[in-house]
Amino acid sequence: MEVHRTPVLNIFDTKQRLEIPLFQRQYVWNEEEQWQPLWEDIQRKFAEAVEGEGGAPNHFLGAMVLDQKQTPTGHVLVRQVIDGQQRLTTLQIFLAAFRDFCREYDCEELGNEVNQSLFNKGMMANPDVDQFKVWPTNLDRKQFVDVISAGSRLELLKRHPTRRQKYARNDDPKPRMVEAYFFFFSALKDFFVGTGGDEVAGAEHSIAIRLEECLRSMRSALLVVVIDLDSGDDPQVIFETLNARGQPLLPADLIRNYIFLRARRDNLDTEKMYEEHWCHFDDEFWREEVRQGRLNRPRSDIFIQHLLASRQGRDIPIKHLYAEYRHWSEKKETQLGVLEELKLISEQSQNFRRLLSADADDPIAPLADFLSVFDVSTIYPLLLSFFESEPSNDEWAEIGRILESYIVRRAVCDLGTKNYNKLFLSAARNLRREGFTAQNLAQFLKSQSGESGIWPDDNQFKEGWLNNEVYRPLGSGRLVHILSRLDQRYGSAKSETIKFEVRPTVEHIMPQSWQKHWPLPNGEKGLTFAELQDADEGDKTAIETRERNRTVQRMGNLTILSQSLNPGVSNLGWDLKLPELKKHSLLPINLELHSSDDWTDTKISKRGVSLFGHAVEIWQR
């Protein structure tokens, strides 16, 4: 066999048909497990290309095994794909989306160039088949031909229109390859055009220039390994060998070997270095797999990813962690000797562990607990950078207050976390220039604009607080934190953070199932979900029911209890629920409810205003 690495587009330059054998499975890749990770790899190289970040390591997108097939004279050369058919097919779908995106944004010439990677040209014995660079199995051919030959997003949508069954919440699924096309087209649009006023990478250049740079990066920085079999190679044996399951080395293992090999070459005391700076990595804590995005990864991987991101201020692909580490270590601007490099890893690993499980008396404990509840791990590279400046306890408290205000205000305003990774890495780059202080952090966050980065002011915060249905998007854990902080204010502005032996629960004061015992303001009984589906658009009772459904999910109707009410009592009317509320809760936030002779939509609104008066003081901008 012959093994060589090549840019991914080079595979499609030759006049040949890469044929998926009939015995191979259908196309099965999906968004969460394959399309999104592939796009993240491509997007990263695109961003480096349009922002002029030369010198970054190339990305390997995987391997594929090809077997020469006997081809009659006059036919296009055919090679069977023994392994890698899913990846090859997906790359073709991505290129079709890229081609059509170019054409939709008036880059016709560039689109035509991409089209050459999808179709063979010249003489062919069987043009209907030979024209395609990749030819899938029988069951996939119809949808593949539609994607590759439609020529535009709108034409593909005509061939596969969006449909939805009556009363269904989601659209009917399209064929998987068609779904992949629309996923990549949407991702390209977000990257090159942006959404919600976000700044796009390389925005100072025209879209034509950026598209051309990205196509160039696909021709140089995105590589695959191609294994060409000889006539004497058994394709099945090769396939089984490549797909055998072993116990791979972790990136931390590879990095350890790399560091200590260099230390040995420098005649350093490797045993002493290991005992002082590395042996704690042998704890099971670091090898334990935890959730990171869509996948489970060892904690050591996640730490090294965050450490490299903190030092470079850029996103680090966890799938290529060892290559990224070597690239960083060997850069001239790193300027760290092997011992200094090892000390940095050791010290920051202890800081990272503090962020995950801080002791109660640790000055970073309130911030660490908050980040755990709100699940904002994308901020860790920024915080690791702060550790290097050794903030005082008071400075850590201020850093925590700023970050909590920023995150809580955005959460209440339902502004999303999609851009947090880029935002906090940008903050790390900015503060590495300006200085890692709480004041500089606040100034950076205040300077953000656009929905994906803005720090809501008091008016925006109030609008979200009073009118947004916060229960479902925030979830129980985040709301318990917010309501517990409010409860602290009701007791005393100087009170310590309340620690419950058993975590309290969120309670809807007016229950979510309110229709039976809680009439509408007009005295009518509210409609059920099924009745709402059949109600006329202008039906007043339906309109008031929908508004009530929104009202019960707003902040003014939520509280916390140290233990849950009996579900059977929780849904009863106020005259029966109030005594149970008094029995089960003496929390300061609930005391004012004890004197209410009823609980109405108006009182929910008034309580929302009252709670906001405290919230705006707790989470100051």
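Residues numbered from 1 in each chain as written. Predicted model: local features only at pLDDT ≥ 70, side-chain atom pairs only at ≥ 80, totals over all residues. Heavy atoms only, no water.

> Could you clarify how one ought to interpret the overall build of the protein chain in this entry?
Helix and strand counts for the protein chain come out as 28 helices and 10 strands. With respect to the principal axes defined by its C-alpha atoms, the protein chain has extents near 90 × 75 × 45 Å. The buried share of the protein chain, reckoned over its 621 residues, is 48%. Pairs at least 24 residues apart make up 70% of the contacts formed inside the protein chain by residues separated by at least 6 positions. Put simply, the protein chain shows about 30,700 Å² of open surface, and 47% of that area lies on carbon and sulfur atoms. (Helix = DSSP H or I, 4+ residues; strand = E, 2+ residues; numbered from the N terminus. Buried < 20%, exposed > 50% of the residue type's maximum accessible area, 1.4 Å probe, protein only. Contact = heavy atoms within 4.5 Å. Areas by Shrake-Rupley, 256 points an atom, 1.4 Å probe, with all protein chains shown as cover.)

> Explanation requested: the nonpolar core in the structure shown.
As a rule of thumb, nonpolar side chains are buried together in soluble globular proteins. Ile 259, Leu 382, Leu 383, Trp 465, Ile 482 and Leu 486 are the most contacted members of the largest nonpolar core, which totals 87 residues. At eight residues, the largest contribution of residues to this core is made by helix α18 (residues 393–412). In this view, Trp 465 contacts Val 412, Ile 482, Leu 486, Met 555, Gly 608, Leu 611, Phe 612, Ala 615 and Trp 619; residues no more than four positions away in its chain are not counted. Counting 64 residues, the second-largest nonpolar core is a separate cluster that includes Val 8, Phe 46, Leu 188 and Cys 214. (Core = buried A, V, L, I, M, F, W, Y, C linked by side-chain atoms within 4.5 Å.)

> Quick question: what am I supposed to make of the side chain of Ser 349 here?
Among the structural elements, Ser 349 can be located in helix α15 (residues 338–356). Given the relative accessible area of 0%, Ser 349 is considered buried. Looking at Ser 349, its side chain comes within polar contact range of the main-chain oxygen of Ser 346, at 2.7 Å. Residue contacts for Ser 349: discarding those within four places in its chain leaves His 280, Phe 281, Trp 286 and Phe 303. (Polar contact = N/O pair within 3.5 Å; in protein donor to acceptor, adjacent residues only side chain to side chain.)

> Sorry if this is basic, but what is going on with the pattern of salt bridges here?
Side chains that differ in sign of charge can pair as their charged atoms come close. Applying the stated criterion across every chain yields a total of 38 salt bridges. Glu 48 is the partner of Arg 314 in a salt bridge, and the nearest nitrogen-oxygen pair spans 3.8 Å. Taken as a pair, Arg 314 in the loop between α13 (299–312) and α14 (321–330) and Glu 48 in helix α1 (residues 31–50) lie far apart in primary sequence, 266 residues in all. As far as the burial class goes, Arg 314 and Glu 48 line up, both buried. Linking Asp 362 and Arg 354 is a salt bridge whose minimum nitrogen-to-oxygen distance equals 2.8 Å. Using a relative accessible area of 13% as the deciding quantity, one classes Asp 362 as buried. What you see here is one network of salt bridges that share partners, running through Lys 45, Glu 48, Arg 314 and Glu 324. (Salt bridge = Lys/Arg side-chain N within 4 Å of Asp/Glu carboxyl O.)

> What should I look at first to understand α15 in this one?
With 19 residues, α15 extends 27 Å from end C-alpha to end C-alpha; this agrees with the ideal 27 Å at 1.5 Å per step. All of the buried residues in α15 are Val 338, Glu 341, Leu 342, Leu 344, Ile 345, Ser 346, Gln 348, Ser 349, Asn 351, Phe 352 and Leu 355. (Expected span 1.5 Å × (residues − 1).)

> Sorry if this is basic, but what is going on with the packing of aromatic side chains here?
Two measures describe an aromatic ring pair: the distance that separates the ring centres and the angle between the ring planes. Evaluated as defined, the whole model comprises 46 aromatic pairs. When the ring of Tyr 181 is compared with that of Phe 182, the centres are 5.3 Å apart and the planes differ by 85 degrees; the resulting orientation is edge-to-face. What makes Tyr 181 buried here is its relative accessible area of 0%. Among the residues examined, Phe 182 registers a relative accessible area of 18% and is labelled buried. Here the guanidinium or amino end of Arg 299 rests over the ring plane of Phe 285, the centre of that ring lying 4.2 Å away. When the ring centre of Trp 514 is taken as origin, the NZ or CZ atom of Arg 548, which lies over that ring, is 4.7 Å away. (Phe/Tyr/Trp six-rings, centres within 6.5 Å; stacked < 30°, edge-to-face > 60°. Lys NZ or Arg CZ within 6 Å of the ring centre and 35° of its normal.)

> Can you walk me through unusual backbone geometry in this structure?
Negative phi characterises most residues that are not glycine, and trans characterises most peptide bonds. For Asp 375, which is not glycine, the phi dihedral falls at a positive 55 degrees. Counting through the fold element by element, Asp 375 comes out in the loop between α16 (365–374) and α17 (380–388). Here Asp 375 falls in the exposed class, since its relative accessible area comes to 59%. Unlike most non-glycine residues, Asp 414 shows phi in positive territory, near 55 degrees. Relative to the assigned elements, Asp 414 resides in the loop between α18 and α19 (420–434).

> How should I be thinking about the environment of Ser 447 in this particular structure?
For Ser 447, the location among the structural elements is in the loop between α20 (438–446) and α21 (458–467). Polar side-chain contacts of Ser 447 include one of 2.6 Å to the backbone oxygen of Phe 444.

> It is not clear to me how the packing of helix α3 (residues 108–115) against helix α8 (residues 207–218) should be interpreted in this structure. Could you clarify?
For any two helices packed against each other, the geometry is given by the interaxial angle and the distance between the axes. Packing of α3 against α8 brings their axes to within 10 Å, and their N-to-C directions diverge by 20 degrees. Put simply, α3 runs roughly parallel to α8. Between α3 and α8 lies a crossing whose hand is left-handed. Along its contact with α3, which presents Leu 110, Glu 113 and Val 114, the element α8 presents Ala 208, Leu 211, Glu 212 and Leu 215. Classifying every residue of the contact of α3 with α8 gives five nonpolar, no polar and two charged. (Axes fitted to C-alpha atoms, helices over the stretch in contact; angles between N-to-C directions. Parallel < 35°, antiparallel > 145°, perpendicular 65-115°, else oblique. Left-handed = near helix turned anticlockwise from the far one by under 90°. Nonpolar A, V, L, I, M, F, W, Y, C, P; charged D, E, K, R; others polar.)

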